[in-house]
Amino acid sequence: MRREFPGLWKVVESRRLLWLLGLTFALIVTFQYIELPNTISSLFSSTKLPFSRNGDGEHKSSRNLAPAMAPSFPQKNASLVDDSSGGGGDDEEVEVDKIFDSGGNATAPTVSPSQVKENATAPNVSPSQVKENATATNVSPSQVKENATAPTVLPSQVKENATAPAVSPSQVKENATAPVTSAEPPAALPRVKENATAPVASAKPPAAVPTLNRSPVKENATTSQVEDKNSTKKDVPSASPPVVRFVPDVKEYSKTPDSRVMSISDMSKQLRRNRITHNRLAKKPKWVTKPDLELLQAKYEIENAPIDDKDPLLYAPLYRNVSIFKRSYELMEKMLKVYVYKEGDKPIMHSPILRGIYASEGWFMKLIESNNNKFVTKDASKAHLFYLPFSSRMLEVTLYVQDSHSHRNLVQYLKDYIDFISVKYPFWNRTSGADHFLAACHDWAPSETRNVFAKSIRALCNSDVKEGFVFGKDTSLPETFVRDPKKPLSSIGGKSASQRPTLAFFAGKPDHGYLRPILLSYWGNNKDPDLKIFGKLPRTKGNKNYLQFMKTSKYCICAKGFEVNSPRVVEAIFYDCVPVIISDNFVPPFFEVLNWESFALFVAEKDIPNLKKILMSVSERRYRQMQMRVKRVQKHFLWHVQPEKYDMFHMILHSVWFNRVSQISV
């Protein structure tokens, strides 16, 4: 028995092993039977790249991508179109669809942060997703960097903290020496070499700055689309690394519902919320520079500013917090440096307009590009902010095809410009554009810049909450009507409070938007002798009738036109008249600093029938107080040929500075 026992044991072990193998095989078969259908479906669905929001399944020839930095635009001087709604454009054009839908509402981009993975150094592209030599017609513009010479890269496969474009891995290791800084800086900031962590831009020149191609456009064309002959070219291997501009998500900045009206108090609450949750609005830079640490120190000093409300130049009731404003302004004067990009051709770039209702963007451009501006630096490594010197007015005049109802080529020009500077310099990609800013006064500027400059600071005249204005990031640019650029302060001031017999005054085009006909129907045609509400006044030399009414009225009605903004707001302040703003969802200028309710009245559009009752409810004492405050806040709304302290130029720059400091995080 002892001799037979080992053999019997081997038989038992063999049977047990076979039983275990059979059970394992059964489990594997069962698992595959359950999971295989899902695997197959996900495999096939991953190869479907969305290219249109209108549901059609065809690839249009209009989706062919033009080579980056070489856009072909029609150069036609189109006449102005007052109605910025413009029409829908072709639904098949992806870029138009991303910005304008049939209702004029903003739409979110195709790529969301949930699709973008972080902390990787190279994108992983599976063969089932992208073929190596795919032509441009098989990929939508929202998913591929528009560069004919660069390899095709999907933004969903690009990782957030990738190496900065145009910098070879051998030149610098990203974030290798980036210091970690807390929200409250230590007593002494660590020494940081100016270029210790910033990669050096590639020596290879980029393709070309966006230029205006005078190629003809068909006369009967209804869009500004230009055919791309090189869109089906095969990818050519390049010695330079792939060019990828990181496009941030803008879903959180979409329009609010049309039915909702945001009051001034609601705007203030939203501003405070956004200040607290600033990390949602600006991501940390990919590497830390000395200017970042300086901004962090400034943020600490501003938040802990000592109480100082005795400055004779700053009347405390005009400001949200006069101590914070004063300290912020002092630090701006002490340390702020702005780098102005020199790239770009006239007339769209570097061409300031100093006359008319778009003068604000022109005056700011002129003054910041002047040779004696102390805030401008030629050393970009020292810059806290980067200015993009384009004119939204000249963009429309130069590129818009009349009656096309399409802004696609205008948006494309801006995209190509950003692509160009993001290849030539590392600054845009370091922060995804969060330290870049623009000043634009045209009605179309919010929609044209919403996606391209989603993370940038936008100073906008058309500061409409429903147009994607972001509190704490964007700032409201005052719309000024400059009649004489050589004498911007001519006719300033008005009568004293006791010499203003007219209760309220308004004059303007009656068909300019939906609101003015309502205002005129209730109060126009001398229906009330105390309210001088007119349509367009007869033209006189120097517009004396209009100015005389402004100078002799207690309240000046600032009713919106096609858009929420109006030059009458600044005009009222200019002529010592208390502004009465009738424009729902309008964010007034310098909102992050000024306490507008201390010197202006806000009337909801639905309350127009009660306009006189609202005005008469203000006591004489309260009116005189408000009029006095209008005079004291006036210095913030004046243009000077040579900028002066606290004037319009400095206030615009301060709002940009203040928003950047509030967002900084490293």
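Here, the structure is the one placed above.
Residues numbered from 1 in each chain as written. Predicted model: local features only at pLDDT ≥ 70, side-chain atom pairs only at ≥ 80, totals over all residues. Heavy atoms only, no water.

**Student:** Before we go on, may I ask you to explain the sheet that holds strand S6 (residues 502–507) in this structure?
**Tutor:** Strand pairing in a sheet takes place through backbone hydrogen bonds and is either antiparallel or parallel in direction. Taken in spatial order, the five strands make up an open sheet running S7-S6-S8-S9-S10, and their pairing is parallel. The outermost strands of the open sheet, each flanked by one partner alone, are strand S7 (531–534) and strand S10 (601–602). The pairing of S6 with S7 spans four bridges and is parallel. Residue pairing for S7: Phe506 is matched across the bridge by Ile533. Of the strands in this sheet, S6, S7, strand S8 (553–559) and strand S9 (578–582) are in contact with helix H11 (residues 515–523), which crosses S7 at around 135°. (Pairing = 2+ DSSP bridges. Helix = DSSP H or I, 4+ residues; strand = E, 2+ residues; numbered from the N terminus. Contact = heavy atoms within 4.5 Å. Axes fitted to C-alpha atoms, helices over the stretch in contact; angles between N-to-C directions.)

**Student:** Would you mind going over the state of the cysteines with me for this structure?
**Tutor:** Among covalent bonds in proteins, the disulfide is the one between the sulfur atoms of two cysteines. Scanning all chains against the criterion turns up two disulfides. The disulfide partner of Cys556 is Cys577, and the S-S distance across this bridge is 2.2 Å. Judged by the sign of its S-S torsion, about 110°, the cystine formed by Cys556 and Cys577 is right-handed. Within this pair, whereas Cys556 is found in strand S8, its partner Cys577 is found in the loop between helix H13 (568–574) and S9, the two being separated by 21 residues in sequence. Like Cys577, Cys556 is buried. (Disulfide = S-S within 2.5 Å. Buried < 20%, exposed > 50% of the residue type's maximum accessible area, 1.4 Å probe, protein only.)

**Student:** Is there a simple way to explain the pattern of salt bridges in this structure?
**Tutor:** Between side chains of opposite charge, a pair can form as their charged atoms come close. Applying the stated criterion to the full structure yields 17 salt bridges. For the salt bridge of Glu301 with Arg327, the shortest nitrogen-to-oxygen distance reads 2.5 Å. Note that Glu301 is positioned in helix H4 (residues 290–303) and Arg327 in helix H5 (residues 322–335), a separation of 26 residues in sequence. Arg483 is the partner of Glu571 in a salt bridge, and the nearest nitrogen-oxygen pair spans 3.3 Å. Of this pair, Glu571 sits in helix H13 while Arg483 sits in the loop between strand S5 (475–476) and S6; the two residues are 88 residues apart in sequence, bridging distant segments of the chain. With a relative accessible area of 6%, Glu571 lands in the buried category. According to the relative accessible area criterion, Arg483 is partly exposed, its value standing at 31%. (Salt bridge = Lys/Arg side-chain N within 4 Å of Asp/Glu carboxyl O.)

**Student:** I would appreciate a short explanation of the sheet that holds strand S2 (residues 385–387) in the present structure.
**Tutor:** A sheet is described by the order of its strands in space; here five strands give the open sequence S1-S2-S3-S4-S5, paired in parallel fashion. One side of each edge strand has no neighbouring strand; the edge strands of this open sheet are strand S1 (338–340) and S5. Two strands pair when backbone bridges link them, and S1 and S2 are joined in this way by three bridges, in the parallel orientation. Residue pairing in the sheet places Val340 in a bridge with Tyr387 of S2.

**Student:** It is not clear to me how the pairing of strand S4 (residues 457–460) should be interpreted in this structure. Could you clarify?
**Tutor:** The two faces of a sheet get side chains in turn, since along a regular strand they alternate between them. Side-chain alternation along S4 places Ile457 and Ala459 on one buried face and Arg458 and Leu460 on a second face that is also buried. As defined by bridge partners, strand S3 (residues 436–440) adjoins S4 across four bridges and the pair is classed as parallel. The residue bridging Leu438 from the neighbouring strand is Arg458, located in S4. Sheet analysis places S4 next to S5, joined by two bridges and oriented parallel. Note that in S5 the partner of Leu460 across the bridge is Ser476.

**Student:** Help me out: how do you make sense of the packing of H4 against H5 in this one?
**Tutor:** Helix packing geometry: the angle between the two helix axes and the distance between the axes. In the contact formed by H4 and H5, the axes pass within 9 Å of each other and the chain directions differ by 155°. In terms of their interaxial angle, H4 and H5 are classed as roughly antiparallel. Seen along the crossing, H4 lies across H5 with a hand that is right-handed. Across the interface between the two elements, Glu294, Ala298, Glu301 and Ile302 of H4 pack against Ile324, Arg327, Ser328, Leu331 and Met335 of H5. Taken together, the residues of the contact of H4 with H5 break down into five nonpolar, one polar and three charged. (Parallel < 35°, antiparallel > 145°, perpendicular 65-115°, else oblique. Left-handed = near helix turned anticlockwise from the far one by under 90°. Nonpolar A, V, L, I, M, F, W, Y, C, P; charged D, E, K, R; others polar.)

**Student:** Could you clarify how one ought to interpret the packing of helix H6 (residues 359–368) against helix H16 (residues 648–663) in this entry?
**Tutor:** It is at 10 Å that the axes of H6 and H16 come closest, and there the two elements cross at 90°. With respect to each other, H6 and H16 are oriented roughly perpendicular. On H16, the residues touching Phe364, Leu367 and Ile368 of H6 are Phe649, Ile652 and Leu653. Across the contact of H6 with H16, the residue classes tally to six nonpolar, no polar and no charged.

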